[in-house]
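What follows is each chain in one-letter form.
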Amino acid sequence: MNDLTIQKIKSGPFYESSKEQIRIPLITEIQRYCLQDGPGIRTTVFIKGCPLKCPWCHNPETQNPKRELYFYPEKCTGCGRCAEVCPTNASSISLGPDKASTLNFERSKCIACLKCVDACLSQARGIVGQVLSIDEIIQEAVADKPFYENSGGGVTLSGGEPLLFPEFTLEISKRFKKELIHVAIETSCFAEWRKIKSLLPYIDLFIVDIKTLNPEKHKTVIGCPLDIILKNIEKLIENHANIRIHLPIIPGFNNTEKDYEAYFKCLSKFSKNLLGVDILPFHCYAQNKYILLGRGDTYQFAGVEDLPQKELLPLARGLKQIGIDVTIGGLVGLGDIKRRNLST
Ligand code: SF4
Ligand code: SF4
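Worth saying up front: this structure is predicted, and the values here are computed from it rather than measured.

Enquirer: Any chance you could explain the overall build of the chain here in plain terms?
Expert: Within the chain one finds eleven helices and 15 strands. In the chain, which comprises 344 residues, the proportion classed as buried is 35%. For the chain, contacts bridging at least 24 residues in sequence account for 72% of all contacts bridging at least 6.

Enquirer: So what exactly am I meant to see when it comes to the site of ligand 1 here?
Expert: Taken together, 15 residues are adjacent to ligand 1, and Cys86, Ala90, Cys110, Cys113 and Cys116 come closest. Elements with a contribution of two residues or more to the shell around ligand 1: α1 (81-85) and α2 (115-119). In terms of residue class, the shell around ligand 1 is built from twelve nonpolar, two polar and one charged.

Enquirer: What is the right way to look at the sheet that holds strand β4 (residues 27-34) in this model?
Expert: Note: strands within a sheet are paired through backbone hydrogen bonds, in either parallel or antiparallel orientation. In spatial order, the strands read β4-β5-β10-β11-β12-β13-β14-β15; together these eight strands make up an open sheet with mixed pairing. Of all the strands in the sheet, just β4 and β15 (326-328) have a single pairing partner and so form its edges. Averaged over all neighbouring strand pairs, the angle between strand axes comes to 20 degrees, with direction disregarded. When strand β5 (residues 42-47) meets strand β10 (residues 154-158), the two strands line up parallel, connected through five bridges. Paired with Arg42 across the bridge in β10 is Gly154.

Enquirer: What am I meant to see in the site of ligand 2 here?
Expert: Lining the immediate environment of ligand 2, one finds 14 residues, of which Cys76, Cys79, Cys82, Cys120 and Ala124 sit closest. Classifying every residue of the shell around ligand 2 gives seven nonpolar, five polar and two charged.

Enquirer: Quick question: what am I supposed to make of the nonpolar core here?
Expert: Proteins that are soluble and globular tend to have nonpolar side chains buried together. Ranked by internal contacts, the top residues of the largest apolar core, which has 54 residues, are Phe206 and Val277. In terms of residue count, strand β12 (residues 205-209) provides more of this core than any other element does, four residues in total. Once residues within four sequence positions are removed from consideration, Val277 is found in contact with Arg244, Ile245, Leu247, Leu267, Leu319, Ile324 and Val326.

Enquirer: What's the story with the packing of helix α3 (residues 134-142) against helix α5 (residues 166-178) in this structure? I'm lost.
Expert: Axes are the key here: two packed helices are described by the angle between their axes and the distance separating the axes. Where α3 contacts α5, the axes come no closer than 11 Å and their chain directions differ by 40 degrees. The pairing of α3 with α5 is recorded here as oblique in orientation. Crossing of α3 over α5 shows right-handed handedness. Only Glu171, Ile172 and Arg175 of α5 make contact with α3, whose side of the interface consists of Ile134, Ile137 and Ile138. Across the contact of α3 with α5, the residue classes break down as four nonpolar, no polar and two charged.

Enquirer: Hey, could you run me through the environment of Lys265 in this one?
Expert: Along the chain, the position of Lys265 falls in helix α9 (residues 257-270). Once the C-alpha coordinates of Lys265 and Leu319 are considered, the two residues, 54 residues apart in sequence, prove to be 9.7 Å apart.

Enquirer: So what exactly am I meant to see when it comes to unusual backbone geometry here?
Expert: Backbone phi values are negative for most residues with the exception of glycine, while trans is the configuration of most peptide bonds. Looking along the chain, the bond that leaves Gly159 and enters Gly160 is cis, with omega of 10 degrees. Although it is not a glycine, His240 adopts a positive phi angle of roughly 60 degrees. Along the polypeptide, His240 turns up in the loop between α8 (226-238) and β13 (243-249).

Enquirer: Got a minute to help me understand the confidence of the model for the chain in this structure?
Expert: Detail in the predicted coordinates should be disregarded across regions flagged by low pLDDT. Looking at the chain, pLDDT values average 89 and 90% of them are 70 or higher. No element of the chain has a lower mean pLDDT than strand β1 (residues 6-8), which averages 44, and none a higher one than strand β11 (residues 182-187), which averages 98. The low-confidence segment residues 1-12 (pLDDT under 50) makes 18 contacts with residues lying over four places distant or belonging to another chain. Segment residues 334-344 is flagged for pLDDT under 50; beyond a separation of four residues in sequence, or across chains, it makes 23 contacts in the model.

Enquirer: Where do I start with the pairing of β11 in this structure?
Expert: The side chains of a regular strand alternate between the sheet's two faces. By the criterion of burial, β11 is predominantly enclosed, with six of the six residues buried. Burial along β11 is two-sided: the residues His182, Ala184 and Glu186 and Val183, Ile185 and Thr187 are all buried. For the handedness criterion, the β-α-β arrangement of β10, α5 and β11 is classed as right-handed. With four bridges joining them, β11 and β12 adopt parallel strand pairing. Considered in β12, the bridge of Glu186 is made with Ile207. Following the chain from β11 across helix α6 (residues 193-199) to the adjacent parallel β12, one finds a crossover that is right-handed.

Conventions we followed
- Residues numbered from 1 in each chain as written.
- Chains lettered and ligands numbered in written order.
- Predicted model: local features only at pLDDT ≥ 70, side-chain atom pairs only at ≥ 80, totals over all residues.
- Helix = DSSP H or I, 4+ residues; strand = E, 2+ residues; numbered from the N terminus.
- Buried ≥ 20, exposed ≤ 12 C-beta atoms within 10 Å, placed from the backbone.
- Contact = placed C-beta atoms within 7 Å.
- Near = placed C-beta within 6 Å.
- Nonpolar A, V, L, I, M, F, W, Y, C, P; charged D, E, K, R; others polar.
- Pairing = 2+ DSSP bridges.
- Axes fitted to C-alpha atoms, helices over the stretch in contact; angles between N-to-C directions.
- Core = buried A, V, L, I, M, F, W, Y, C linked by C-beta atoms within 7 Å.
- Parallel < 35°, antiparallel > 145°, perpendicular 65-115°, else oblique.
- Left-handed = near helix turned anticlockwise from the far one by under 90°.
- pLDDT = per-residue confidence, 0-100.
- Right-handed = clockwise from strand over helix to strand, strands pointing away.

What follows is the structure, given as structure tokens:
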């Protein structure tokens, strides 16, 4: 805990600032000098907590809004210091026939009290999710303002899902705008429209993920209805918001010709109103994070090969044909500083 104004809400994983009187999410990372989360050089704030359950999630540490523990077994020396402080016996030591000690770690018993993180001298434990005040986040991001100004960059609120914390997202966006910083949000748009509407004056760019246009798969695999998302995109367009669409393309989930046809049909309606579409090919770089979070067994994409760009060319060409500015892999910061109607 780093700020006296921040108090833990007993019933939940969130924090509220008595100064700002709003619920503040945990932050997994503030990443500086990002080149792929919007135009120019950006600082990306990763918010912890998401209502969706995409099984390929590239940021699995941001799915659960609660604080979590990374465990790096290869760094563990079996010293037993964590077992001495663990209140629930989630960490315990057993001695083998050769008297060598081995750590047993039962995640189901872990309450994320994090006592073992301080106790471990081998850095075999890490905290996922920090409490930061809005002031601290602003301060961190403002430090790179000269880079934003020179590159056409700014701040991107990502996650996780920023709209899961609408008051926080609104407040921090207002504060960034006061600092004359360009604000982008990476979102699924799965939220009540009134929450998105309140953000319109403060968000310069909405980067909206569409996971699939198959309503049934959206409901069963992603865990929420598709129609809310599509209606919100339509309302963003009616309100002249700047929008880029992200299409994560996942092997075996949304990479058939039929899927691509559905994208062409849907996005052709919006083509004149989008800044562009970024095709994001699946990669399994996140596999290690699932392992560190103790979820390696349930990760369905273990060993699945990255999608080569050439497999995405028919999708990219089809989108171009309907008049959409398209990238494979997303904007590469310095190469695209195009913006429209920036509110300051
Ligand atoms: S976080 Fe707390 S409960 Fe979990 S293993 Fe560490 S000491 Fe035990
Ligand atoms: S304190 Fe660290 S190194 Fe020692 S047993 Fe626990 S995790 Fe392993």
